[in-house]
Each structure stands twice: as structure tokens, then as C-alpha cells.
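Residues per chain, in single letters:
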Amino acid sequence: KEKQMGKSFWYKFSSITQKLPFNILIILVIIGATIPFDLVAFDFKTSDSILQDLPRHSKVTKAFKDMVLNFGYGTVLPYSLIVEPPDNMTIMDTKFFELSYNSMGQLVKKLNISEEDISGISYGNGALIPFGLVQHCIQTNDTDHNCPTIRYIYNLFVSKVSNTTYFIISLQDFNPLAEGGKEFLDLARLSLDEISNITKLKFYLAGTPANSLDSIEAVYQNFPKMAAVTGAVVLVLVGIAFRSILIPLRAVLSIAVTVCFVYGLAEYVYVNLMKGAIMWLVPIIDFTIIVGISLDYDVFLLTRVLEYRKEGYSTKEAIVLGVSKTGNIITAAGVIMAIAFMGLLLSDETVINMIAFYLVAAVLFDTFIVRTILVPAVMSLFGDANWFPGIFCFPKKEYKKL
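Source: prediction; values computed, not measured.

## Re the confidence of the model for the protein chain
Should pLDDT be low for a region, the predicted coordinates there are not to be read in detail.
1) Next: Mean pLDDT over the protein chain: 91, with 96% of residues reaching 70 or higher.
2) Next: Mean pLDDT per element in the protein chain: helix α1 (residues 2–5) is the minimum at 66, and strand β2 (residues 79–84) is the maximum at 96.

Here's what the structure looks like:
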């Protein structure tokens with residue numbers, strides 16, 4: 001069987017990766033070719049555009065686009081500003097109305113927005129709503145003086161026990177989820193904290209834009225921790241499985257090469273080429289899948305290499321035989337996996353297309369570049385040091401083809 005493998009394409013090809021200076025040249029070429037992608041790998045522009053989640057040609061997508069076109073993103077996706085008075089005050093208190101007038105006026109100036117962008121129990125359509133009028137309409141069944149409208153606004157914006165209210169901030173000419181949305185949210189919260197210190201009112205900014213931007217920030221703050229923990233687990237498990245220090249380190253680094261290349265490629269395609277942005281959840285979801293696929297192929301190859309090393313072959317001989325034995329299987333598995341993920345590229349939803357793009361690129365790059373070329377070349381440089389501190393017998397067989 002071993003002599004038959006010596007005639008195979010994989011044997012001849014992997015033999016080249018074991019020889020100086022070809023192994024060094026291979027490593028330099030692959031790393032050099034991926035550097036442009038590595039530099040932008042984690043500097044990608046993210047988005048939480050609803051259009052990326054909706055089917056491109058559905059009725060709901062057309063309706064959403066019409067809404068945005070006619071009313072603006074800020075109206076379709078408004079902020080909700082929750083306001084709570086001090087413990088000794090209720091919403092139906094003259095003092096609260098005075099403080100809310102003052103607070104909304106300051107907020108308009110600090111955020112450089114229009115008074116018409118704010119609506120609530122005391123503030124609507126750019127005008128103040130007098131406390132006396134609200135109190136009269138609530139306490140009576142008067143149908144004059146716009147009282148039916150006032151009662152509707154009261155029931156809509158004020159809690160049942162009158163201890164909390166909220167205002168709607170609709171920024172008609174501004175997309176709160178697009179570029180500049182996070183800066184606006186931070187400025188709004190900073191401004192509300194300053195106003196709260198003066199008026200003693202409590203403010204909480206919520207709504208779709210705030211919820212979305214806060215979720216993105218929280219997830220990406222923990223992303224480095226997730227990556228670090230994943231890498232640490234890989235180091236420990238692979239180190240124990242192969243009784244080696246270098247092999248788990250090399251495994252983590254080779255996985256990092258795949259991840260950085262794919263993330264950088266996605267940046268060039270979706271941001272630079274298509275002039276768009278990457279749906280924020282896609283890199284998070286695909287990270288663990290890419291790590292799993294890359295590690296799976298790595299362990300599959302290394303298991304074979306280790307078997308041949310234990311049989312007495314030298315490390316270089318074991319690597320060549322291991323690649324020869326697993327080359328067709330890993331390639332077939334990678335191609336099948338890529339074809340399976342390519343089905344998602346036919347989806348009518350952009351977010352699913354993006355998920356598929358990451359996975360297809362990762363599988364193909366890992367199958368044809370990392371696992372079959374880069375890994376054998378790197379291992380050839382270290383020789384028996386790959387297995388330190390594991391104890392293995394010296395080679396007993398010589399393979400003349402090598």
C-alpha cells in the first residue's frame with residue numbers, strides 16, 4: 001500500500017512541501033498572499049439593516065422600502081425615551097410638565113434635532129401641551145378642545161399608575177442604524193445624563209435602534225474573549241491528544257490564517273466591491289463553525305501522520321504518507337461541504353448569503369491551501385520537535401521514494 005501511495009499525486013506533491021527551500025518558499029508565499037486580507041480582517045464595517053434580513057423580492061420588503069422612502073428611516077425606526085419623575089412626583093403634576101418642557105428643549109439643542117421630532121404627553125408636533133388642558137381632558141369627558149386626542153395620547157404614553165411616561169424621537173432624515181447611528185446614541189445618552197443631573201428626572205433610551213446598537217456593542221466586546229477561550233480549549237485538547245506543545249500552537253495559528261483570510265475577503269467583497277456592509281451577526285456565527293471545520297480537517301490529517309510516526313517512519317516520511325493517505329478524503333469532504341454551503345448562496349436573503357460566503361470560502365481555502373500545503377510545510381521545519389515532549393521510537397523504515 002505504501003509503495004502504491006508513492007506513485008500517487010498526493011505523495012509526489014507533498015514530498016515537495018518537505019524539501020528546502022520549497023517548504024520555506026511555500027510558507028512565505030501563502031502568508032504573503034494573505035497579508036492584505038489579514039490587515040482588514042477585523043476592521044469590517046457592520047450593519048443591522050433590516051433589508052439584509054428580509055427576502056429581496058417579497059411583498060414585506062417592498063412595503064418596508066415604501067415606508068422608508070415616504071416617511072424616512074427615523075420614523076419607521078424611532079427611539080423611545082422613557083422618563084420617570086422623582087418619588088415625590090407623578091406624571092400628572094405641574095412640576096413634571098415644567099421639567100419635561102425644559103428637558104425636551106435642552107435635548108433638541110444638544111442633539112441638533114427638530115422640535116417636531118419629539119412627541120409625548122407634554123410635547124407634540126413641535127409644540128408644548130399645557131398641563132391644564134391635559135388635566136381637564138383626563139378628568140372630564142369633554143369632547144371639545146381636542147380632548148379625545150389628549151386622552152388617546154395619555155393612554156398611549158402614560159403608565160396606568162402615572163409614574164412613568166415615554167416620548168417618541170423620530171428622526172425623519174436620519175437612519176439610526178446606519179453610519180453615525182452609534183455616535184448619535186452615545187451623544188443622546190450623555191446629554192440625557194447631563195439633563196437628569198439638573199432636573200432629577202430619570203431617562204432611559206430604548207427602541208429598535210438603541211436595542212440593536214447595544215446588542216452589537218455587547219457582542220463585539222465579548223468577541224475577543226470568545227475567540228481567546230476557543231483558542232485555549234483547542235490548545236489544551238489538541239495538546240493532550242497528541243502529547244505535544246508545537247502541534248496545538250501550529251493548529252491554532254493555521255486556524256487563525258483561515259479565519260483572517262476569510263474575514264478579510266468578505267470585507268473586500270461586501271464593503272469595498274459591493275459598497276455595502278456586513279450584517280453584524282454573520283462574523284460571530286461563522287467564527288465557531290470555521291474553527292470547527294478547520295480543526296476537524298487538521299486532526300484528521302495529524303492522526304494519520306501520528307500513526308505513521310509511531311510505526312517508525314521519520315517525521316517527514318510520516319507527513320508525506322499522512323497527506324497521501326488523507327489527501328483524497330479531505331479534498332472530497334471539503335468539496336462536498338462547500339457544495340452544501342453553496343446552496344445557501346441561492347437564498348433570497350442577504351444575511352444567509354453572507355453566512356454561506358464565509359463558510360464556502362473557509363472550507364475551500366482550508367481544504368486546498370492550509371491543510372494540504374501550509375500545514376505539511378510548517379511541520380517539515382520542526383521535524384521531531386513537532387512531537388515534543390511526546391516519546392516516539394526512531395524511524396525503523398526507510399522509504400526510498402523520499
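## Looking at helix α9 (residues 181–199)
1) Next: Here α9 is 19 residues long and its end C-alpha atoms lie 26 Å apart, about the 27 Å a rise of 1.5 Å per residue gives.
2) Next: All of the buried residues along α9 are Gly-181, Phe-184, Leu-185, Ala-188, Ser-191, Leu-192, Ile-195, Ser-196 and Thr-199. Angular distribution of buried residues about the axis of α9 spans 145 degrees; they occupy a single face of the element. Counted as exposed and oriented over 90 degrees from the buried face of α9: Glu-183 and Asn-197.
3) Next: Positive phi shows up at Lys-200, right after α9, with a value of about 70 degrees.

## Notes on the pairing of strand β7 (residues 202–207)
1) Next: Of the two faces of β7, only the one carrying Phe-203, Leu-205 and Gly-207 is buried; Lys-202, Tyr-204 and Ala-206 on the other face are not.
2) Next: With 6 bridges connecting them, β2 and β7 associate as antiparallel partners. Bridging from a neighbouring strand, Tyr-79 pairs with Gly-207 of β7.

## Details of the pattern of salt bridges
1) Next: For the structure on display, the rule yields 11 salt bridges.
2) Next: One salt bridge connects Arg-371 with Asp-366, and the closest N-O pair in it is separated by 2.5 Å.
3) Next: Overlapping salt bridges, with partners in common, bring together Arg-250, Asp-298, Asp-366 and Arg-371 in one network.

## Quick look at the sheet that holds strand β6 (residues 165–169)
1) Next: Spatial ordering of the open sheet is given by β3-β6-β2-β7, a layout of 4 strands whose pairing is antiparallel. Because the sheet does not close on itself, it has two edges, and the strands there are β3 (118–119) and β7.
2) Next: With 2 bridges connecting them, β3 and β6 associate as antiparallel partners. Directly across from Ile-118, in β6, lies its bridge partner Ile-169.

## Thoughts on the packing of aromatic side chains
1) Next: Under the criterion given, the structure shown has 22 aromatic pairs.
2) Next: Considering the side-chain rings of Phe-37 and Phe-261, the 4.9 Å spacing of their centres and the 65 degrees angle between planes classify their relative orientation as edge-to-face. Of the two residues, Phe-37 is situated in helix α3 (residues 22–39) and Phe-261 in helix α11 (residues 246–273); the sequence distance between them amounts to 224 residues. Comparing Phe-37 with Phe-261 shows no difference in burial state: the two are buried.
3) Next: Here the aromatic rings of Phe-223 and Phe-287 are separated by 5.4 Å at their centres, their planes lie at 85 degrees, and the arrangement is edge-to-face. Taken as a pair, Phe-223 in helix α10 (residues 208–242) and Phe-287 in helix α12 (residues 281–310) lie far apart in primary sequence, 64 residues in all.
4) Next: Residue Phe-223 is classed as buried on the basis of its relative accessible area of 8%.
5) Next: Under the relative-accessibility criterion, Phe-287 is labelled buried at 8%.
6) Next: Site record: aromatic cluster; members linked through ring pairs are Phe-42, Phe-44, Tyr-220, Phe-223, Tyr-263, Phe-287 and Tyr-358.

## What about the environment of Gln-52?
1) Next: In this structure, Gln-52 sits in the loop between β1 (46–47) and α4 (59–71).
2) Next: Accessibility expressed as a relative area gives 10% for Gln-52, which makes it buried.
3) Next: Measuring from C-alpha to C-alpha, the distance between Gln-52 and Ile-352 comes to 8.8 Å, with 300 residues separating the pair along the chain.
4) Next: Non-local contacts of Gln-52, meaning those with residues more than four positions away in its chain, are made with Ser-47, Ala-277, Ile-278, Met-279, Glu-349, Thr-350, Val-351 and Met-354.
5) Next: Of the polar contacts made by the side chain of Gln-52, one reaches the backbone oxygen of Ala-277; its length is 3.0 Å.

## Topic: the side chain of Asp-117
1) Next: Considering the arrangement of structural elements, one finds Asp-117 in the loop between α6 (94–111) and β3.
2) Next: There is no salt bridge for the buried Asp-117, and the closest opposite charge comes from Lys-109, which lies 15 Å off by N-O distance.
3) Next: Ignoring anything within four residues of it in the chain, the contact list for Asp-117 reads Ile-168, Ile-169, Ser-170, Leu-171 and Gln-172.

## As for the environment of Ala-333
1) Next: Looking at the secondary structure, you find Ala-333 in helix α13 (residues 315–342).
2) Next: Distance from Ala-333 to Thr-367, taken between C-alpha atoms, is 8.6 Å for residues 34 residues apart in sequence.

Reading guide: rules and limits
- Residues numbered from 1 in each chain as written.
- Predicted model: local features only at pLDDT ≥ 70, side-chain atom pairs only at ≥ 80, totals over all residues.
- Heavy atoms only, no water.
- pLDDT = per-residue confidence, 0-100.
- Helix = DSSP H or I, 4+ residues; strand = E, 2+ residues; numbered from the N terminus.
- Expected span 1.5 Å × (residues − 1).
- Buried < 20%, exposed > 50% of the residue type's maximum accessible area, 1.4 Å probe, protein only.
- Arc of directions from axis to C-beta.
- Pairing = 2+ DSSP bridges.
- Salt bridge = Lys/Arg side-chain N within 4 Å of Asp/Glu carboxyl O.
- Phe/Tyr/Trp six-rings, centres within 6.5 Å; stacked < 30°, edge-to-face > 60°.
- Contact = heavy atoms within 4.5 Å.
- Polar contact = N/O pair within 3.5 Å; in protein donor to acceptor, adjacent residues only side chain to side chain.
- Lys, Arg positive; Asp, Glu negative; His and termini not counted.

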